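Topology and contacts: notes
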Amino acid sequence: MVLNYIWIAFFFVAFLIAVVRTAFMGDTEIFTAIMNSTFDSAKTAFEISLGLTGVLALWLGVMKIGERSGLIHALARFLSPVLCRLFPDIPKGHPALGSIFMNMSANMLGLDNAATPMGLKAMKELQELNPKKDTASNPMIMFLVINTSGLVIIPVSIMVYRAQMGAAQPTDVFIPILMSTFVSTLVGVVAVSIAQRINLINKPILLLMGTVCLLFSGLVFLFLSVSREEMGVYSTLIANVILFSVIVVFILTGVRKKINVYDAFVDGAKEGFTTAVRIIPYLVAFLVAIAVFRTSGAMDYLVDGIGYVVGLCGLNTDFVGALPTALMKSLSGSGANGLMIDTMKEAGPDSFVGRASCVVRGASDTTFYILAVYFGSVGVTKTRNAVTCGLIADFSGIVAAILVSYLFFH
């Protein structure tokens, strides 16, 4: 419902501003420019979706190999000490833990659309354990906040968007996104744990957090000690090594388990095509609405207003152009993608604001969309503190993304 109002507002505000510019400023070309932008954006949306088809097919195919080879379930068993402590109300060995891990794995690989069906399956299994069917249970809230925090290890779609927009190094945002989403997820998990009185001071959790913190501390130290040119080279190298290593490990595991790796990949890739087709209407809807909003001048007025207020506080305002993506991200993934793409198109994919918009987009996920879809799928109407904890994670991710962008790109 909120998304409906936002979409309508884009057109309504753009129309009002265009009328004012025509009537009082003598701009007789504004309506022509707006209509031209709708045609161009609709074409861009289709081209982007078409380009995304191959990447989704690739990674869903790889995930299917991991599923049939048992690698994903093996990883779930390996992480069970951690999952059981984050979700103490779920019995050990319950199928929900496997579904949760598969959902988290898809999210960590940046496969948002692949993660959704796995997440809905997890919610169905969690609802079976829920004593109050209309009220969110503790495991549901923890699961959804982890989803809204958007923990991403391989932000595939964002890197693809950057490549399609002509970025010199599409993977240069990899490390900044990794750092930002870690902060978002950590803050979200801590917020839920405080609300649910979950004790995170135990060996498995501390061991995991310690390892991750050491890793990120090492990355920060590494990139602070090298030049910005070397920073881009190392960030790209690490990203591509991880990406290709994941593919090779999944294939080798399939070979070792003697499954037909090729058939498994093809079956998964078919799902990728379906997913890519399904997102075309959403991209068209939001790219057109955003183009209308920006072409009318409304986006410039909004950003300039925020920049003015930030400037009054004596702060650097270069990040302001990425704020529309940050604000939309809590409401709609496709809307945020549209703003991110539009920012790269207007400012350039290798500009500071172009890169910052990508980092902000990858820092966390769409809080309201995820809560609406997931809770709606199981009939939960009382969400308790899920929205509050999700927004806390979202806000921390935005702040971290802006700071990290200044560290890497400014």
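Given the structure is predicted, the values throughout are model-derived calculations rather than measurements.

On to the pattern of salt bridges. Under the defined criterion, the tally for this structure stands at 7 salt bridges. When the shortest N-O distance is used, the salt bridge between D27 and R21 registers 2.8 Å. Take R21: its relative accessible area is 18%, and that puts it in the buried class. R355 is the salt-bridge partner of D350, the closest N and O atoms lying 4.0 Å from each other. Given a relative accessible area of 30%, D350 falls into the partly exposed group. Several salt bridges converge on common partners, so that one network encompasses R162, D172, D350 and R355.

Scored by pLDDT, the protein comes out at a mean of 80, with 89% of its residues at no less than 70. By mean pLDDT, helix α3 (residues 71-78) is the weakest element of the protein at 72, and helix α17 (residues 352-363) is the strongest at 90.

Inspection of every chain in the model, using the stated rule, returns 3 cavities of 30 Å³ or more. The computed volume of the second largest cavity comes to approximately 70 Å³. Taken together, S41, T44, L287, I290, A291, I341, D342 and K345 form the lining of the second largest cavity. Secondary structure elements with two or more residues in the lining of the second largest cavity: α2 (30-69), α13 (280-295) and α16 (333-347). Grouping the constituent residues of the lining of the second largest cavity by class yields 4 nonpolar, 2 polar and 2 charged.

Taking 1.5 Å of rise per residue, 16 residues should cover 22 Å, and α13 covers 22 Å from first to last C-alpha, within 8% of that figure. Buried residues of α13: L283, F286, L287, V288, A289, I290, A291, V292, F293 and R294, and no others. Positioned one or two residues after α13, G297 has a phi angle of 100°, which is positive.

In this section: the environment of D134. Within the secondary structure, D134 is located in the loop between α6 (112-129) and α7 (138-149). Assessed through its relative accessible area of 31%, D134 is described here as partly exposed. Each C-alpha atom, one on D134 and one on G379, is 6.2 Å from the other, the two residues being 245 residues apart in sequence. Ignoring sequence-local partners within four residues, the contact set of D134 consists of G379, V380, T381 and K382.

The next thing to look at is unusual backbone geometry. For R197, which is not glycine, the phi dihedral falls at a positive 55°. Note on placement: R197 falls in the loop between α9 (174-196) and α10 (203-224). Backbone geometry places K258, a non-glycine residue, at a positive phi of 60°. Its location among the elements puts K258 in the loop between α11 (228-256) and α12 (261-278). On the accessibility criterion, K258 (76% relative accessible area) is exposed.

What follows covers the packing of aromatic side chains. One pass over the full model with this rule turns up 5 aromatic pairs. Both rings, one in F352 and one in Y406, keep their centres 4.9 Å apart while their planes meet at 55°; by these two values the pair is tilted. Residue F352 is found in helix α17, and its partner Y406 is found in helix α19 (residues 386-409); the two are separated by 54 residues along the sequence. Accessibility assignment for this pair places F352 and Y406 in one class, buried. Each ring, one from F408 and one from F409, has its centre 6.1 Å from the other, and the planes form 50°; the classification is tilted. On the basis of relative accessibility, which here comes to 5%, the residue F408 falls in the buried class.

Look at α7 against α19: their axes get within 9 Å of each other, and the N-to-C directions meet at 30°. Here α19 runs roughly parallel to α7, going by the angle between their axes. In the packing of α7 onto α19, the handedness of the crossing is right-handed. Contacts between α7 and α19 involve I141, V145, T148 and S149 on the former and, on the latter, A386, C389, G390 and A393. Grouping the constituent residues of the contact of α7 with α19 by class yields 5 nonpolar, 3 polar and no charged.

Calculation criteria
Residues numbered from 1 in each chain as written. Predicted model: local features only at pLDDT ≥ 70, side-chain atom pairs only at ≥ 80, totals over all residues. Heavy atoms only, no water. Salt bridge = Lys/Arg side-chain N within 4 Å of Asp/Glu carboxyl O. Buried < 20%, exposed > 50% of the residue type's maximum accessible area, 1.4 Å probe, protein only. pLDDT = per-residue confidence, 0-100. Helix = DSSP H or I, 4+ residues; strand = E, 2+ residues; numbered from the N terminus. 1 Å grid on protein atoms, 1.4 Å probe; cavity = no way out; pocket = protein on both sides within 12 Å on 5 of 7 lines; lining within 4 Å. Points joined across faces, edges and corners; volume = space filled by probe spheres on them. Nonpolar A, V, L, I, M, F, W, Y, C, P; charged D, E, K, R; others polar. Expected span 1.5 Å × (residues − 1). Contact = heavy atoms within 4.5 Å. Phe/Tyr/Trp six-rings, centres within 6.5 Å; stacked < 30°, edge-to-face > 60°. Axes fitted to C-alpha atoms, helices over the stretch in contact; angles between N-to-C directions. Parallel < 35°, antiparallel > 145°, perpendicular 65-115°, else oblique. Left-handed = near helix turned anticlockwise from the far one by under 90°.

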